[in-house]
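Structural description and commentary
Residue strings, one per chain:
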Amino acid sequence: MSDLRITKITSRIGAKVSGVDIARPLDAATVTALGAALAEHKALVFDDVDLDDEGQQAFVRAFGDLTTAHPTVGAVDGAPNVLPVDSERGRANHWHTDVTFVLNPPQATSLRSLTVPPYGGETLIASSAGAYRDLPEPLRRLADGLWAEHTNDYDYAVADEDIDAEKAAQRSRFTSIKYRTAHPVVRVHPLTGERGLFIGGFAQRIVGLSVGESRKLLELLQSYVTRPENVLRHRWSENQLVLFDNRITQHYAVDNYDGRPRRLHRVTLAGPVPVGIEGKESYSIEGDASHYTPVAA
């Protein structure tokens, strides 16, 4: 614990962690310090980690219960809590918060680099707390009272000619269980009390508005999330791990590496049911995700 160092990367999001070997069991003081750093900086970068799948799971498990790999997508063989993030299996090049279509999305996501392309392939991570603070007061008052429906079953707006048999099969697996959940547009962070815009790509409709009205309003709010000041642009190198707070960030995997191999492994930490500014919890409309994640206290 005495050698732990946290160094900010940008003023609003991101910090590098040094002085701790996360391949070894962590003492309680280090776990507490890293949890506090994650809540403050939203994303933590660990360089030169010596981890395999078992070690990555053990590191994340130090902070609480794990989810399985995904509600509908298969895990790494022999590791039910590890999701392969492989460019050959699809690319998450859209802004999103992980698995917000279920009642209690993960509270944190870890990504570990296995194969990195020689150029490109960055992961962008945005602070939705910074976005909320940037809202003009009239927009902030409006957002405070809104709820959004999140789903894994929606029109991806991809041209038919761009969907081959493999992509169609991936889409079919992703939506094999349909989920719809209503979350507050402004979520209160359970540790810091910060307010953040809890939207992203799975948020498809504002409750009480038409699809067209919802799209315009969500695009407006989303434009504050992706302001450059709120974004950490992480360039991967081998043997890195990035841990980010899924309660108050969004992320985007940039598809700018000419189809070169890009492989990461993802392990996520079970989260609580989100709460809005009036203390009301999110509610499920369709789909049971109990096989995927326990509810964290």
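Quantities reported herein were computed from a predicted structural model and do not represent experimental measurements. The residue numbers shown here count from 1 along each chain, following its written sequence. Given that this is a predicted model, residues contribute local features only at a pLDDT of at least 70 and side-chain atom pairs are listed and counted only at 80 or more, while totals for whole chains, interfaces and linings are drawn from all residues. To obtain the side-chain values, all non-hydrogen atoms of the structure were included, while hydrogens and water were left out.

Before going further, it helps to examine unusual backbone geometry. The phi dihedral of Lys 42 is positive, around 75°, even though this residue is not glycine. Runs of H or I in DSSP of at least four residues are treated as helices and runs of E of at least two as strands, each being numbered from the N terminus. Topologically, Lys 42 is positioned in the loop between helix H1 (28–41) and strand E3 (43–46). Even without a glycine there, the phi angle at Val 99 is positive, about 55°. Locating Val 99 in the fold gives a position in the loop between strand E4 (83–86) and strand E5 (108–115).

The next thing to look at is the sheet that holds strand E14 (residues 249–253). Strands belonging to one sheet form pairs held by backbone hydrogen bonds; the direction of such a pair is parallel or antiparallel. Pairing between two strands requires that DSSP report at least two bridges joining them. Spatially, E12-E6-E14 is the arrangement adopted by the three strands of the open sheet, whose pairing is antiparallel. Where the open sheet ends on each side, the last strands, each with one partner, are strand E12 (231–234) and E14. Averaged over all pairs of adjacent strands, the angle between strand axes in this sheet comes to 20°, irrespective of strand direction. Across four bridges, strand E6 (residues 123–127) lies against E12 in antiparallel orientation. For Thr 123, the partnering residue across the bridge sits in E12 and is His 234. Between N-to-C directions, angles span 0 to 180 degrees; the directions come from axes that are lines fitted to C-alpha atoms, helices contributing only their stretch in contact.

Moving on, we come to helix H4 (residues 137–144). Looking only at H4, the buried set comprises Leu 139, Ala 143 and Asp 144. Down the axis of H4, the buried side of the element spans an arc of 140°, and every buried residue falls inside it. The outward face of H4, more than 90 degrees from its buried face, is lined by the exposed residues Pro 138 and Arg 141. Buried residues in H4 make contact with helix H3 (128–134), strand E9 (186–188), strand E10 (195–197) and helix H6 (211–225). Note on exposure labels: buried denotes an accessible area under 20% of the residue type's maximum, exposed denotes more than 50%, and partly exposed covers the range between, all computed with a 1.4 Å probe on protein chains only. By definition, the arc is the one covered by directions from the helix axis to the C-beta atoms. The contact criterion used throughout is that any non-hydrogen atoms of two residues lie within 4.5 Å.

Burial analysis of strand E8 (residues 180–184) places four of its five residues in the buried class, which makes it a mostly covered element. The pairing of strand E7 (residues 147–151) with E8 spans five bridges and is classified as antiparallel. Bridge pairing links His 150 to Thr 181 in E8. Pairing geometry for E8 and strand E16 (residues 283–286), over three bridges, is antiparallel. Bridge pairing in E16 places Ala 182 opposite Tyr 283.

So, on to the sheet that holds E8. Across the sheet, which stays open at both edges, the four strands sit in the order E11-E7-E8-E16 with antiparallel pairing between neighbours. The open sheet has two free edges, formed respectively by strand E11 (203–206) and E16, since each of these has just one partner strand. The average undirected angle you get between the axes of adjacent strands in this sheet is 30°.

Residues form patches when they are more than 30% accessible in relative terms and have no salt bridge. Like charges link within 9 Å. Nonpolar side chains (Val, Leu, Ile, Met, Phe, Trp, Tyr) link within 5 Å. The Shrake-Rupley method, run with a 1.4 Å probe, gives the accessible areas here. Residue values count only the displayed protein chains as cover. Salt bridges are defined by distance alone: a side-chain nitrogen of Lys or Arg within 4 Å of a carboxyl oxygen of Asp or Glu. On the surface, Val 207, Tyr 283 and Ile 285 cluster together into a nonpolar patch covering about 220 Å² of accessible area. Take Tyr 283: it is sitting in strand E16. Judged by relative accessible area, Tyr 283 falls into the partly exposed class, the value being 34%.

Attention now moves to the pattern of salt bridges. Within the structure shown, the criterion is met by 17 salt bridges. Among the salt bridges present, the one from Arg 24 reaches Asp 21, with a minimum N-O distance of 3.2 Å. Look at Asp 21 and you get partly exposed, because its relative accessible area is 37%. Residues Asp 53 and Arg 112 are paired through a salt bridge, measuring 2.5 Å at the closest nitrogen-oxygen approach. Of this pair, Asp 53 sits in helix H2 (residues 53–61) while Arg 112 sits in strand E5; the two residues are 59 residues apart in sequence, bridging distant segments of the chain. Look at Asp 53 and you get buried, because its relative accessible area is 18%. What you see here is one network of salt bridges that share partners, running through Glu 149, Arg 180, Arg 205 and Glu 286.

Of all the residues in H2, the buried ones are Asp 53, Gly 55, Gln 56, Gln 57, Phe 59 and Val 60. For H2, the elements touching its buried residues are H1, E3, E5, strand E13 (241–245) and strand E15 (263–269). Sitting at the head of H2, Asp 52 places a side-chain oxygen 3.2 Å from the backbone nitrogen of Glu 54. Any N or O atom pair separated by 3.5 Å or less is treated as a polar contact, with the protein-specific requirement of one donor-capable and one acceptor-capable atom, and with residues adjacent in sequence counted only for side-chain atom pairs.

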